[in-house]
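Chain residues, written in single-letter form:
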Amino acid sequence: MEQTTNAAWPARLAEARARTSAAKTARYAALTSDFNPIHVDPEFAANTVFGGPINHGTLGLSLLVQAVEMTFGNVPHELDVRFSRPAPVGSSLVTGGEIDPADRSYHVHVTTDDGVRVIEGTLRLND
Amino acid sequence: MGLRSSVPKIWNYAAFEEGQDLGTMTLRIDDAKLRLWAEIFDRPHDADQHQLSSSLLISVMMEAYLGVAQPRPPGNIHAGQKLRLLGRAPRKGEALTVTTRVTKKEERKGRKWLTFESRIVSGNDALLTGEILTIWAE
């Protein structure tokens, strides 16, 4: 059962999950008109420092916003994140977040299935 | 008609100025977008869906951001993102107006940083303000 500080301020953000794939990356490229070959061209991406296609960073960020909605509903909020690591296409993404009781902000993150944090930052709810 | 001399052939770092308005686009949350979003996140696609996720605003923001200041040099890095979501999800069929401008231009530790502000409104309703932090390639 999810631990909560009180009804309005749960201790943890809900877990939202997404399994990525080349087909889903192609769809996200179509959704955003971002056809950067680092995301959608395996041959091009194989010759980069990443060694293969990587997900669009904002795909993980979209998952994080869905986790905020799962936790609090559609409430005004602010996110300040950095895309700290690339997430390979084919990895699974899971959101997480822990409250800082001092100021009721949340340390939020998106992690791949092998434990790499690809997005990290802060969530603040607004009135 | 030829291109205006103020429009660069390629939007390299030198082409940007703080305060520069890069343009406004109107994008619609149509059924094609909703279907793609549902397939990406393994959610059911309901053609009559009225409760949409605010996360759709992120893809709208990115589509508009990528629709202005083109062509760009290859290799730009989306390093960080600030979002202010106003608690108002988009609606199916809604036309969203997205304005993108340059708010900060700064060289730090040999890297060329550009910050772009994105604002999404629908009529008089503000839905999102975002800051896209990038490291520009050249």
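Because the structure is predicted, anything quoted here is derived from the model rather than measured.

Examining the overall build of chain B
Summing up its helical and strand segments, chain B has 2 helices and 5 strands in all. Taken over the C-alpha atoms alone, chain B extends approximately 50 × 40 × 25 Å along its principal axes. Counting only residues that meet the buried cut, chain B has 28% of its 138 residues in that class. Intrachain contacts of chain B at a sequence separation of at least 6 include 76% that bridge at least 24 residues.

Brief notes about the overall build of chain A
A count of helices and strands for chain A gives 4 helices and 5 strands. Ordered by position from the N terminus, the helices and strands of chain A form the series β-α-α-α-α-β-β-β-β. Each of the three principal axes of chain A carries a C-alpha extent, and together these read 50 × 25 × 25 Å. Of all 127 residues assigned to chain A, the portion counted as buried reaches 40%. Contacts spanning at least 24 positions in sequence make up 60% of the contacts within chain A whose residues lie at least 6 apart.

Things to note about helix α2 (residues 56–67) of chain B
The terminal C-alpha atoms of α2(B) lie 17 Å apart, and with 12 residues this matches the ideal 16 Å at 1.5 Å per residue to within 8%. Just downstream of α2(B) lies B:A69, where phi reads positive at about 50°.

Some remarks on the interface of chain B and chain A
The figure often quoted for interface size is the accessible area lost as the parts come together. Facing the 26 residues of chain B at the interface are 26 residues of chain A. If you list the elements that add at least two residues to the side of chain B that touches chain A, you get α1 (31–40), α2 and β2 (77–85) of chain B. For the side of chain B that touches chain A, the element with the highest residue contribution is β2(B), accounting for 8 residues. Looking at the side of chain B that touches chain A, its residues break down into 12 nonpolar, 9 polar and 5 charged. Relative to β2(B), strand β2 (residues 77–83) of chain A runs antiparallel, the two sharing 6 bridges. When the bridges of β2(B) are listed, A:R82 appears paired with B:G80.

Considering the environment of A:A18
By secondary structure assignment, the location of A:A18 is in strand β1 (residues 17–19). Taking the C-beta count within 10 Å as the criterion, A:A18 has 23 such neighbours and is therefore assigned buried. Separated by 29 residues in the primary sequence, A:A18 and A:N47 have C-alpha atoms spaced 26 Å apart. Beyond its immediate chain neighbours, meaning those up to four positions away, A:A18 contacts A:L63, A:S92, A:L93 and B:F41.

Quick look at the confidence of the model for chain A
Looking at chain A, the pLDDT average stands at 93 and 94% of residues meet or exceed 70. Across residues 1–6 of chain A the pLDDT falls below 50, and counting only partners more than four positions away or on other chains, this stretch makes 10 contacts in the model.

Comments concerning the confidence of the model for chain B
Summarising the model, chain B shows a mean pLDDT of 93, and 96% of its residues fall at 70 or more. Both scores are available for the predicted complex, with the pTM at 0.93 and the ipTM at 0.93.

Regarding the sheet that holds strand β1 (residues 21–28) of chain B
The strands that make up a sheet pair up through hydrogen bonds in the backbone, lying either parallel or antiparallel. Pairing within the open sheet is antiparallel, and its 10 strands lie in the order β1(A)-β3(A)-β4(A)-β5(A)-β2(A)-β2(B)-β5(B)-β4(B)-β3(B)-β1(B). Looking along the sheet, the strands with just one partner apiece sit at the ends: β1 of chain A together with β1 of chain B. In this sheet, neighbouring strand axes are inclined to one another by 20° on average, regardless of whether the strands run parallel or antiparallel. As paired strands, β2(B) and strand β5 (residues 125–136) of chain B are joined by 8 bridges and run antiparallel to one another. Counted as the bridge partner of B:G80 is B:L133 from β5(B). Contacting β1, β2, β3 (92–100), β4 (105–112) and β5 (117–125) of chain A together with β2 of chain B, helix α4 (residues 57–72) of chain A crosses the sheet at an angle of about 40° to β5(A).

The rules behind these values
- Residues numbered from 1 in each chain as written.
- Chains lettered and ligands numbered in written order.
- Predicted model: local features only at pLDDT ≥ 70, side-chain atom pairs only at ≥ 80, totals over all residues.
- Helix = DSSP H or I, 4+ residues; strand = E, 2+ residues; numbered from the N terminus.
- Buried ≥ 20, exposed ≤ 12 C-beta atoms within 10 Å, placed from the backbone.
- Contact = placed C-beta atoms within 7 Å.
- Expected span 1.5 Å × (residues − 1).
- Nonpolar A, V, L, I, M, F, W, Y, C, P; charged D, E, K, R; others polar.
- Pairing = 2+ DSSP bridges.
- pLDDT = per-residue confidence, 0-100.
- Axes fitted to C-alpha atoms, helices over the stretch in contact; angles between N-to-C directions.

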